[in-house]
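The residues making up each chain are set out below.
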Amino acid sequence: MSDNLVRQDRLIDEFSFKKRISRLFSSWEFILFLTLVGIFILFSFISPYFMDYFNLMNASLSFAEKSILALSMIFVILSGDIDISVASILALSSFAMGNASVKGAGSGTLVIIGLATGLAAGIVNGFLVTKIKIPSIAVTLATLSIFRGISQAILRDNAYTHYPLKFAYFGQGYIGNSVIPFEFVFFLVLAVLMGFILHKTTYGRKLYAIGNSASASRFSGINVDRIRFINFAVNGLFAGIAAVLLTSRIGSTRPNIATGWELEAITLVVLGGVAITGGKGNIFGVVIASLLVGYLKFGMALVNLSAKVMVITTGALLITAVLVPMLLEIAKAKQKLRSQRSELKLERKAS
Amino acid sequence: MNTKAILELKDISMYFPGIKALDSVDFSIRPGEVHALIGENGAGKSTLVKIITGVYKQTAGQVLLNGEETNFKSALDAQSAGITAIHQEASMFPELSVTENIFMGHHVKKGASGKGPVDWKTMRQRTRELLDDIELDISPDALVKSLGVAQRHMVEIAKALSIDAQIVIMDEPTSALTLREVEDLYKIIRRLRDEGKAIIFISHKFEEIFDICDTYTVFRDGQLIGDGNVSDATISSIINMMVGRSLDLLYPKGESTIGDVVLEVENLNRTGYFKNISFNLHKGEILGFFGLIGAGRTEVMRVLFGIDKASSGEVRLNGKPVSFTKPKKAMKAGIAYIPEDRHEQGTILDMSIADNITLPNVDELSHFGILDEKAERSLAEDFAKKIEIKSAGLNMKTSTLSGGNQQKVVLAKWLSTGPEILILDEPTKGIDVGTKARVHKIVSDMAAEGKAIILVSSELPEVLGMSDRIVVMHEGFVTSVFEREEADPDKVMLAAIAQPGDESA
């Protein structure tokens, strides 16, 4: 009897192992990964400069900041919200740093000011969404104008271009004597950190619960609004981080800094397989999507394709990202319906 | 009345996986007849209505319209055949005008072929006529959102009349109306009847059935229990048919010793929902809450669990006043609440069974906010085994389970928090008989262990079979509290419909 049970258990284990493997190979992350490999192979044939270690590393500078925005955006979108004000927060943050720099602040102070401004702006968003209960799309649509508007109103056509020398390290520095940019390593560290929070902590678990059903989460004792508030605050903080890196890298602040980046960050999140309706997706998908879009653009720039072609390509990728899981879902639903029908038939026969 | 039946249903059965919603029932109605469809929630009334209106396709049996077999493929088919239903919850477009709402889906168009642009003038005129017809004094151009609940309901009725239906189904049409408006509705119903239309009238209010209906059919548990002329029936004979005399073996209420009071509720109010609610709950006791839908039972439980705030009143737990501002606080105090709506509130369908079971416990099972997946796994396995959840593995999505097993997941989820007070809100709604018995056994065992239990149910046999005491609510008030021995179906049902003259009993 017990032997029988053990055998059954083992069967179930093997079954689920096989299933897990097949699930991995049919997963969106895996498709993304294959595409990424495909892009590397393709461009290494087209251009001799693509598979160059130094080039590849340096190219990461062109996408690390946007990818950092995407990392915290995952949390916002997973819980069923949206934040389209991040690029404006970045601008406000950069403006605050530029302003302080003119007044003689050192690079440490500048970093603190940049992060604090981002955090404060995120808190404003979170407050309006969770306490005043305005839908997040409306709140961030408004703050998108307001945050950037502040820097535009004061700076007008001017720019802050004076930053301390040491401040340049964050965006232009390399790790030790290597050719690995500080920004890229920082992005990877943040990705690991956010991945850990998302997949290994109670915070992450609750986030998925909220994204799937805010009402059932509430009935399970989860403080839904507190988590949504924290998401917005952290998203602001990450915009502050991106502001430090970008300002440091280009060494100047203009009011139009990082225009449109909010959409690029959201694109990475959705392309990474996070459902725009919330509750589904993971960090790996978004990290792979970041590399994919980053290196696709790099490769296209190497072979002198125009920026417009790149924009069209990302758009096409995005539609694919939404379409493929949807088609998979429909196929699954059809199969389920079929099995339910046969079940009903069996039942009718039995009775 | 020797006219031939306009609509006849013969030997109708409807099966859903695991449930027989209707079991070879017959039903017929003649022109010029108002026919009451009577039964408790889950008796099969709405399933029958959905078959008549083409929403469901019956598993077996025939639907005859004017003696000919019909085969509706959709609600639209039924509508074009002259069948219309007015639903409990008005399904209207608040931002559109009365005219637009009435003609939604069958706009009048210009041109001989009826394919031209929308003919607003004709539609507005027709609306005016329809409104005059039912003596509703509002403008055809008024936006629906500007209307009161009763007016909206009358617009729904006008909408039903606009398609010139031969069979009109009214599902609890008076639930939102005042007495005067009910009189107006009666007038309309009588006129429709005199015009030779057939009216199917669903109501929980007995006085209405006796006021307006000619004939009745009673359903219970998907079966036809009785039918006949209303003039030959009495309230008590109909109640008998509705609830049945025998409380069968479904309710294995075990012996338990009633201990000290754990929860005292005194004069609890929530404006607009319930008023002056007072009751005590003892250890080892199952306290039933009975009432019709909208009686305010769920609203009381939501306050006890910290979902909503009370306007006034006191709740004492083990003698100490408490006021839970969040569910988490109620949970920490040892209260668990199994909500009414399994899909929206009870489970997260797209998460795994294991994750659903451990969701209220994740904080307790974690170390500094980091998940302890091993501890979660073993907790989930323990309770899945205890509650006998049938699944292909705890990693399966909860949506893959049957309704009964989903409800078991909700039970496992809340039992795993180790509650001292367990509130169950309609815990057996829409689940199969076997699981139902299992749920009752678990509840009974918990009471035997000395836990205090509140059982909210709209199923009279369940409340009578399981409870030590029964609190009966009607429109936000407690109308009666019965001890187990003195509770009989008629008395409890009368208290729930608050029959005048019986309130003091």
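Procedures and definitions
- Residues numbered from 1 in each chain as written.
- Chains lettered and ligands numbered in written order.
- Predicted model: local features only at pLDDT ≥ 70, side-chain atom pairs only at ≥ 80, totals over all residues.
- Heavy atoms only, no water.
- Salt bridge = Lys/Arg side-chain N within 4 Å of Asp/Glu carboxyl O.
- Helix = DSSP H or I, 4+ residues; strand = E, 2+ residues; numbered from the N terminus.
- Buried < 20%, exposed > 50% of the residue type's maximum accessible area, 1.4 Å probe, protein only.
- Contact = heavy atoms within 4.5 Å.
- Buried area = accessible area lost by both parts, 1.4 Å probe.
- Polar contact = N/O pair within 3.5 Å; in protein donor to acceptor, adjacent residues only side chain to side chain.
- Nonpolar A, V, L, I, M, F, W, Y, C, P; charged D, E, K, R; others polar.
- Pairing = 2+ DSSP bridges.
- Axes fitted to C-alpha atoms, helices over the stretch in contact; angles between N-to-C directions.
- Domains from an automatic or database assignment.
- Core = buried A, V, L, I, M, F, W, Y, C linked by side-chain atoms within 4.5 Å.
- 1 Å grid on protein atoms, 1.4 Å probe; cavity = no way out; pocket = protein on both sides within 12 Å on 5 of 7 lines; lining within 4 Å.
- Points joined across faces, edges and corners; volume = space filled by probe spheres on them.
- Phe/Tyr/Trp six-rings, centres within 6.5 Å; stacked < 30°, edge-to-face > 60°.

This part is about the pattern of salt bridges. All names here are of chain B. As enumerated under the stated definition, the model contains 33 salt bridges over all chains in all. Between Asp214 and Arg193 there is a salt bridge, with its nearest N and O atoms 3.9 Å apart. Linking Asp214 in the loop between α7 (206-212) and β9 (215-220) with Arg193 in helix α6 (residues 179-194), this pair joins segments that are 21 residues apart in sequence. On the basis of relative accessible area, Asp214 is assigned to the partly exposed category, the value being 22%. On the basis of relative accessibility, which here comes to 22%, the residue Arg193 falls in the partly exposed class. The salt bridge partner of Arg297 is Glu426, with a shortest N-O separation of 3.7 Å.

Each partner contributes residues to the interface: chain A has 28 residues there, and chain B has 36 residues. Between chain A and chain B, a total of about 2600 Å² is buried, with carbon and sulfur atoms accounting for 58% of that surface. On the chain A side of the interface with chain B, the three residues burying the most area are A:Thr202, A:Arg205 and A:Phe219, jointly 30% of the side's total. Linking chain A to chain B there are five salt bridges. Of the charged contacts in the structure, one is a salt bridge between B:Glu376 and A:Arg205, with a shortest N-O distance of 2.8 Å. Taken together, the links from chain A to chain B amount to 11 residue pairs in polar contact (both at pLDDT 80 or more). Per-element accounting of the side of chain A that touches chain B gives the leading share, six residues, to helix α10 (residues 202-212) of chain A. Within the side of chain A that touches chain B, the residues separate by chemical class into seven nonpolar, 11 polar and 10 charged.

Another aspect to go through is the sheet that holds strand β15 (residues 320-322) of chain B. Residue and element names in this part refer to chain B. Spatial strand order, β12-β11-β14-β15: four strands in an open sheet with antiparallel pairing. Of all strands in the sheet, those with a lone pairing partner are β12 (274-282) and β15, marking the two edges. For this sheet, the mean inter-axis angle between neighbouring strands, taken without regard to orientation, is 20 degrees. Packed on one face of the sheet, helix α9 (residues 297-304) meets β11 (261-270), β12 and β14 (312-317) and runs near 65 degrees to β12.

Let us now look at the domain arrangement of chain B. You can read the domains of chain B as domain 1 (7-243), domain 2 (246-334 + 419-505) and domain 3 (344-418). Centre-to-centre separation of domain 1 of chain B and domain 3 of chain B, based on C-alpha positions: 42 Å.

Among the nonpolar cores identified, the biggest contains 95 residues, and A:Leu69, A:Leu71, A:Ile74, A:Leu90, A:Leu198, A:Leu271 and A:Leu292 are the most heavily contacted of them. When sequence neighbours within four positions are dropped, the list of residues in contact with A:Leu292 reads A:Leu32, A:Thr35, A:Leu36, A:Ile39, A:Leu271 and A:Leu317.

We now examine the sheet that holds strand β20 (residues 477-483) of chain B. Residues and elements named next belong to chain B. Reading across from one edge, β16-β17-β18-β13-β19-β20 is the order of the six strands in this open sheet, with mixed pairing throughout. In this open sheet, the two strands that pair with only one neighbour each are β16 (335-338) and β20. Averaged over all pairs of adjacent strands, the angle between strand axes in this sheet comes to 15 degrees, irrespective of strand direction. Alignment of strand β19 (residues 469-474) against β20, held across six bridges, turns out to be antiparallel. Note on β20: the bridge partner recorded for Arg469 is Glu483.

On to the pairing of strand β13 (residues 286-290) of chain B, then. One face of the sheet, then the other: side chains in a regular strand alternate in exactly this way. All names here are of chain B. Of all five residues that make up β13, five are buried, and the element is covered over most of its length. Residues Ile286, Gly288 and Phe290 line one face of β13 and the alternating positions Leu287 and Phe289 line the opposite face, and both faces are buried. As defined by bridge partners, β13 adjoins strand β18 (residues 452-457) across five bridges and the pair is classed as parallel. Bridging from a neighbouring strand, Ile286 pairs with Ile453 of β18.

Glancing now at unusual backbone geometry. Residues and elements named next belong to chain B. Even without being glycine, Asn276 reaches a positive phi, approximately 45 degrees. Locating Asn276 in the fold gives a position in strand β12. Unlike most non-glycine residues, Glu426 shows phi in positive territory, near 45 degrees. Within the secondary structure, Glu426 sits in the loop between β17 (421-425) and α16 (433-448). Accessibility expressed as a relative area gives 10% for Glu426, which makes it buried.

This part is about α10(A). Along an α-helix, a turn takes 3.6 residues, which lines up residues three or four apart on a common side. Within α10(A), 10 of the 11 residues are buried, which leaves the element mostly enclosed by the surrounding structure. For α10(A), the full list of buried residues reads A:Thr202, A:Tyr203, A:Gly204, A:Arg205, A:Lys206, A:Leu207, A:Tyr208, A:Ala209, A:Ile210 and A:Gly211.

Residue and element names in this part refer to chain B. Here Arg297 shows up in helix α9. Among the polar contacts listed, one links the side chain of Arg297 to the backbone oxygen of Ser457, at a separation of 2.8 Å. Apart from residues lying up to four places away in sequence, Arg297 is in contact with Phe289, Phe290, Gly291, Leu292, Glu426, Val456, Ser457, Ser458 and Met473.

Turning our attention to empty space enclosed by the protein. Residue and element names in this part refer to chain B. Enumeration according to the criterion identifies four cavities of 30 Å³ or more in this entry. Taken together, Ile51, Gly54, Tyr56, Lys57, Gln58, Val63, Thr70, Asn71 and Phe72 make up the full set of residues lining the largest cavity. For the lining of the largest cavity, the residue count by class is four nonpolar, four polar and one charged.

Residue and element names in this part refer to chain A. Under the defined criterion, the tally for this structure stands at 18 aromatic pairs over all chains. Geometrically, the ring pair formed by Phe95 and Tyr160 is tilted, given 5.8 Å between the ring centres and 45 degrees between the ring planes. Residue Phe95 is located in helix α5 (residues 86-102), and its partner Tyr160 is located in the loop between α7 (136-155) and α8 (169-172); the two are separated by 65 residues in the primary sequence. Just as Phe95 is buried, Tyr160 falls in that class too. Here the aromatic cluster, defined as three or more aromatic residues joined through ring pairs, consists of Phe40, Phe43, Phe50, Phe63, Phe184, Tyr295 and Phe298.

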